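A structural walkthrough
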Amino acid sequence: MKAPVGLSSRQSGLRSKCRVFSAARTGIHEKGAARPFQTPKEKSKRKKASRFAKTGCGAQRPLRALSGTRVLLTAAPTAPPCIRRRRRSSLLHFFLVSPIYGFAEDFMLQIEESMNHLGDYDVIVIGAGHAGIEAAHAAAMLGAKTAVFTMSLDAIGNMPCNPSIGGTAKGTLVRELDALGGVMGFAADATYLQSRMLNKGKGPAVHALRVQTDRKRYHEYMKHALELTPGLAIHQAEIISIEVEDGHVKGVVTQLNGEYGAKCVVIATGTNLGGKIFVGDAWYASGPDGMHAANALTESLKAAGLPLRRFKTGTPARVHRRSIDFSKLECQPGDPNNELQPFSFMTDAPMHNKVECWIAYTNPETHRIILDNIQRSPLYGGMIEGVGPRYCPSIEDKVVRFAGKDRHPIFVEPCGENTEEMYLQGASSSLPEDVQNAFYRSIKGFENIEIMRPAYAIEYDCVDPTSLEATLESKVVRGLYGAGQFNGTSGYEEAAAQGLLAGLNAARNALGESQLILPRQSSYLGTLVDDLVTKGVMDPYRMMTSRSEYRLTLRQDNADTRLTPIGREYGLVQDDRWTKYQQTQAVLDAERRRLHDAHLRTADLRAAMEAEGLAPAAEGGIAEELLRRPEIDYPLIAGMIGWGEGITPMLAERLETEIKYAGYIARQDRMIHEVARHEKTLIPEDFSYTELTGLTLEAREKLARIRPKNLGQAGRIPGVSPSDVAQLSIALAANQSKA
């Protein structure tokens, strides 16, 4: 065997039975950090290694270690300014330890390092999934010099799980994202296959738009959208480490030794960070859809001091359309074409459904097969250590946790117009392939199912979100932002919304401007972020309408009224969107005035109601007042006085909601005003909680760790009671009077 560069043949021979300690084991550690395993000569060797790891400026340089014939860059807590030299030569000290013979041998290696400085940016985004796309687009649109890095250009906007956008609460997030100037709403409108408004039988607070999308076209749309974004550079490269100096991010390093400087960095790594795939007793390091895992970046983030944890999610099998007997399934069509609504407030093009979805059901035989093989699931066999999503369980979880249910629905959804792949929503699994074949084929209509891609579970690294500010900036490393699954959430929509906020704030930080904090009462996005940074998460966080106290005010139909002025103020909303927003508001205001002034005669109203098969009203009256009645809708009123100028069915529904629920909305507005009063009571950053003996020990510990910005946020921290908040309020008032 040829000796690796820098090693003698004797030293090379030792490699087969010796261990090379890389920086993860012998790197220069910060003061107070845990020491790795050491040899009997650890002290002298550590001192020698330290001398050779010093740079000219006195800061500690990242060590390099040999693994085979490849030189690997190892993670280091900090990266000094002098790392920016294009080429440098340094003498590094390594030692080999034989676990068999128990000896150590020192040798010197002259290594020519070639760190290539390739450019500087205001903002660098790591990852081009749903979070990374919005972060990169937002930062570039604000005028920051921006670059987005992805391990594959062919994975931009990839949908590794369900090929759909929206759903309960998620649809509201997409509308909010669009109102702020995001991209996801446009992409969903351009690539949808089927559209449905969920929860139409319930109140408007929980109405939710959901579309089935063409997975490939969605990727193509998003890739092109980034390519057309001015001021945005797109790089295919794996980021293996971040550079940190004096607690602030300074740049990133690629696998090819490329170095890029940055004022701010957004981490949007999805499930690639430390990814590990599980199918039965087989597992391997990987990201979704065959992408390789980003393991080196995990070590760099740990070395920088970020508190990481392991979460888990999963995906069902993809199957061939021809192997499904659709005659045995329930058809699930989309809404009528004349009722379809777009996600984007800017979309005016007519819409029509292109495909149908279907519903299958598990049965007792399916459940028996799963239970008989439950110990072959890595989830129950102890192989998976990550915590899975509470509200999107695997099929084996459903069978175990809901043992009393005879069946569970499986939604059969197409992955695109030009593919025969079908997605089995609701049947994610990590069981072995033979068990997957057995339980899928026990389902009516799936007797001859052909699995094209097996179901799998994926475990990945993410950060404790309580280590983030409400701007999504890290408290540990300044200038470093997190978005999406890296922050402990699940779902494309949650990721994209965070991505926009992180990208916006990273750009404004880099440009020296104030950052945006969305109060929880302003939006679902504000609620999501407040939950993450204040309460933290124990499992992957999914947005739901029940998480908001103000969901009647935070509806999907009024997202533009709530957020477009904010997007305009912070520079994301462009002139065309702002003009469209102003026109829409003018149309709504004019129609509200017309309804307030219009008077309907009793005879006309009774005739119109009888024509609709409704019990006639006792008498006529003001159109606006009549609309408050549950049996009267806007089309009925418009049939008598005509449709208002510029009023579309979508705007008519919105106007009707605001009139019918005016009393409830006013009550929530008063609640929001009261909450805002507590939000204005700010807590100094250096405020000491240890002396507040009136607070419980748990409250003091959590307040000191999370360090809320105001009294309102303090009251939302789990373990901080109303009495604790009252005591804190008194202490803050006394502190202010002293000042």
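Residues numbered from 1 in each chain as written. Predicted model: local features only at pLDDT ≥ 70, side-chain atom pairs only at ≥ 80, totals over all residues. Heavy atoms only, no water.

A look at the overall build of the protein
Using the following cut-off: Each helix corresponds to a stretch of at least 4 residues labelled H or I by DSSP, and each strand to a stretch of at least 2 residues labelled E; elements are numbered beginning at the N terminus. For this analysis, residues touch if any pair of their heavy atoms sits within 4.5 Å. Computed by Shrake-Rupley with a 1.4 Å probe, the accessible areas treat only the displayed protein chains as cover when residues are assessed.
Along the backbone of the protein there are 24 helices and 27 strands. For the protein, long-range pairs separated by at least 24 residues make up 72% of all intrachain contacts whose partners lie at least 6 apart in sequence. A total accessible area of about 31700 Å² is found for the protein, and carbon and sulfur atoms account for 51% of it.

Points about the environment of Glu243
Checked against the element boundaries, Glu243 lands in strand β12 (residues 239–245). C-alpha of Glu243 to C-alpha of Tyr260: the two residues are 17 residues apart in sequence and 9.3 Å apart in space.

Quick word on the nonpolar core
We apply this condition: Among buried residues, those of type Ala, Val, Leu, Ile, Met, Phe, Trp, Tyr and Cys that are joined through side-chain atoms within 4.5 Å constitute a nonpolar core. Whether a residue is buried, partly exposed or exposed follows from its accessible area with a 1.4 Å probe, protein chains only, as a fraction of its type maximum: under 20%, in between, or over 50%, in that order.
In this structure, Val123, Ile124 and Ile165 are the most contacted members of the largest nonpolar core, which totals 107 residues. With eleven residues, the top contributor of residues to this core is helix α13 (residues 492–510). Beyond its immediate stretch of four places on either side in the chain, Ile165 contacts Met159, Val174, Met184, Ala188, Leu209, Arg210, Val211, Thr213, Tyr218, Phe343, Tyr492 and Glu493. In terms of nonpolar packing, the next biggest core, distinct from the first, is built from 25 residues, Ala317, Trp358, Met422 and Tyr440 among them.

Things to note about the pairing of β12
Note the threshold: Between any two strands, pairing holds if DSSP finds at least two bridges.
Most of β12 sits inside the fold, with six of its seven residues counted as buried. The pairing of β12 with strand β13 (residues 248–254) spans six bridges and is classified as antiparallel. If you follow Glu245 over to β13, its bridge partner there is His248. Counted along the chain from β12 to the antiparallel partner β13, the turn is two residues long, and its residue Asp246 has a positive phi close to 55°.

Topic: the pairing of β13
Of all seven residues in β13, five are buried, a share of seventy percent or more. For β13 and strand β14 (residues 258–267), the ladder comprises three bridges, and the chain directions are antiparallel. Within β14, the position partnered with Gly251 by the bridge is Gly261. In this antiparallel pair of consecutive strands, β13 and β14, the connection spans three residues, and Asn257 shows a positive phi of 70°.

Quick notes on the packing of helix α4 (residues 130–141) against helix α7 (residues 215–227)
Quick reminder of the rule: What counts as an axis is a line fitted to C-alpha atoms, over the stretch in contact for a helix, and the angles between N-to-C directions run from 0 to 180 degrees. Under this scheme an angle from 65 to 115 degrees is roughly perpendicular, one under 35 degrees roughly parallel, and one over 145 degrees roughly antiparallel; angles in between are oblique. Rotating anticlockwise by less than a right angle from the far helix to the near helix defines a left-handed crossing, while the corresponding clockwise rotation defines a right-handed one. Each residue receives one of three labels: charged for Asp, Glu, Lys and Arg, nonpolar for Ala, Val, Leu, Ile, Met, Phe, Trp, Tyr, Cys and Pro, and polar for the others, Gly being one of them.
Their axes nearest at 10 Å, the elements α4 and α7 cross at an angle of 25°. Comparing their axes, α7 and α4 come out roughly parallel. Both α4 and α7 take part in a crossing whose hand is left-handed. The residues of α7 that touch α4, namely those facing His130, Ile133, Glu134 and His137, are Tyr218, Met222 and Leu226. Partitioning the contact of α4 with α7 into residue classes produces four nonpolar, two polar and one charged.

Quick word on the environment of Asp464
With respect to the helices and strands, the residue Asp464 is situated in the loop between β24 (456–463) and β25 (480–482). On the accessibility criterion, Asp464 (16% relative accessible area) is buried. Contacts of Asp464, omitting those with residues within four sequence positions, involve Pro307, Arg309 and Arg705.

Some words on the confidence of the model for the protein
For the record, the criterion: What pLDDT expresses is the predictor's confidence in each residue, scored from 0 to 100.
For the protein, per-residue confidence averages 86 on the pLDDT scale, and residues scoring 70 or more make up 84% of the total. Confidence drops under pLDDT 50 across residues 1–112; counting only partners more than four residues distant or on other chains, this segment forms 199 contacts.

Let's talk about the packing of aromatic side chains
To be explicit about the condition: Here is the rule: rings of Phe, Tyr and Trp (six-membered ring for Trp) pair when centre to centre is within 6.5 Å. Planes less than 30 degrees apart are stacked, more than 60 are edge-to-face, and the remainder are tilted. A positively charged side chain is recorded as over a ring if its NZ (Lys) or CZ (Arg) lies within 6 Å of the ring centre. The angle to the ring normal must also be within 35 degrees.
Inspection of every chain in the model, using the stated rule, returns eight aromatic pairs. When the ring of Phe687 is compared with that of Tyr689, the centres are 5.2 Å apart and the planes differ by 70°; the resulting orientation is edge-to-face. Following the ring pairs from residue to residue traces out a cluster consisting of Tyr121, Phe149 and Tyr260. One cation-aromatic arrangement involves Lys145 over Tyr121; the distance from NZ or CZ to the ring centre is 5.3 Å. Sitting above the plane of the Tyr541 ring, Arg547 keeps its charged end 4.1 Å from the centroid.

Things to note about the sheet that holds β24
Pairing in this open sheet of four strands is antiparallel, and the strands run β16-β15-β24-β17 from one edge to the other. Edge positions in the sheet fall to β16 (282–285) and β17 (308–315), since each of these pairs with one other strand and no more. Each strand of the sheet is rotated relative to its neighbour by a mean of 25°, with strand direction disregarded. Bridge count for β17 against β24 is eight bridges, and the pairing is antiparallel. The residue bridging Thr313 from the neighbouring strand is Ile458, located in β24.

Describing the pattern of salt bridges
Formally: Between Lys or Arg on one side and Asp or Glu on the other, a salt bridge is scored when a side-chain nitrogen of the former is within 4 Å of a carboxyl oxygen of the latter.
Taken as a whole, this structure holds 49 salt bridges when the rule is applied. Between Glu417 and Arg217 there is a salt bridge, and its shortest N-O distance comes to 3.8 Å. Of this pair, Glu417 sits in the loop between β21 (409–414) and β22 (421–425) while Arg217 sits in helix α7, and the two are 200 residues apart along the sequence. Residue classification places Glu417 among the partly exposed residues on the basis of a relative accessible area of 42%. For Asp531, the salt bridge is made with Lys535, and the minimal N-O distance between the two is 3.4 Å. Of the two residues, Asp531 and Lys535 both sit in helix α14 (residues 524–535), four residues apart, roughly one turn of that helix. Overall, Lys535 belongs to the partly exposed group, its relative accessible area being 39%. Because the salt bridges share partners, they merge into one network encompassing Arg520, Asp530, Asp531, Lys535, Glu549, Glu679 and Arg716.

Details of the packing of helix α16 (residues 575–597) against helix α20 (residues 649–660)
Relative orientation of the contacting elements α16 and α20 amounts to 55°, with a least axis distance of 11 Å. When the axis of α16 is compared with that of α20, the two are oblique. Seen from above, α16 lies across α20 with right-handed handedness. Seen from α16, the contacting residues are Thr584, Gln585, Val587, Leu588, Glu591, Arg592 and Leu595; seen from α20, they are Leu651, Arg654, Leu655, Glu658 and Ile659. Classifying every residue of the contact of α16 with α20 by side-chain character gives six nonpolar, two polar and four charged.

Some points on unusual backbone geometry
Only a minority of non-glycine residues have a phi that is not negative, and only a minority of peptide bonds are not trans. Backbone geometry at Asn199 places phi at a positive 65°, although glycine is not the residue there. By the element assignment, Asn199 lies in the loop between β9 (192–198) and β10 (208–213). The phi dihedral of Asp246 is positive, around 55°, even though this residue is not glycine. Looking at where Asp246 falls in the secondary structure, it is placed in the loop between β12 and β13.

Some points on the side chain of Arg318
Selection criterion: Positive charge is attributed to Lys and Arg, negative charge to Asp and Glu, and no charge count is given to His or to the chain ends. Pairs of N or O atoms within 3.5 Å make up the polar contacts considered here, provided that, within protein, one atom can donate a hydrogen while the other can accept it, and that residues adjacent in sequence are counted only when both atoms are side-chain atoms.
The topology assignment puts Arg318 in strand β18 (residues 318–320). For the buried residue Arg318, which engages in no salt bridge, the nearest side chain bearing the opposite charge is Glu421, 5.0 Å off. Reaching out from Arg318, the side chain makes a polar contact with the backbone oxygen of Cys161 at a distance of 3.2 Å. Of the polar contacts made by the side chain of Arg318, one reaches the backbone oxygen of Pro316; its length is 2.8 Å. If we skip the residues at most four places from it in the chain, Arg318 touches Met159, Pro160, Cys161, Cys415, Glu421, Met422, Tyr423, Glu450, Ile451, Met452 and Arg453.

Digging into the environment of Ala559
Within the element layout of this structure, Ala559 appears in helix α15 (residues 559–569). What makes Ala559 buried here is its relative accessible area of 0%. Along the sequence, Ala559 and Tyr524 sit 35 residues apart, while their C-alpha atoms lie 9.6 Å from each other. Not counting the four nearest positions on each side in its chain, Ala559 is found in contact with Arg175, Glu176, Ala179, Phe345 and Thr564.

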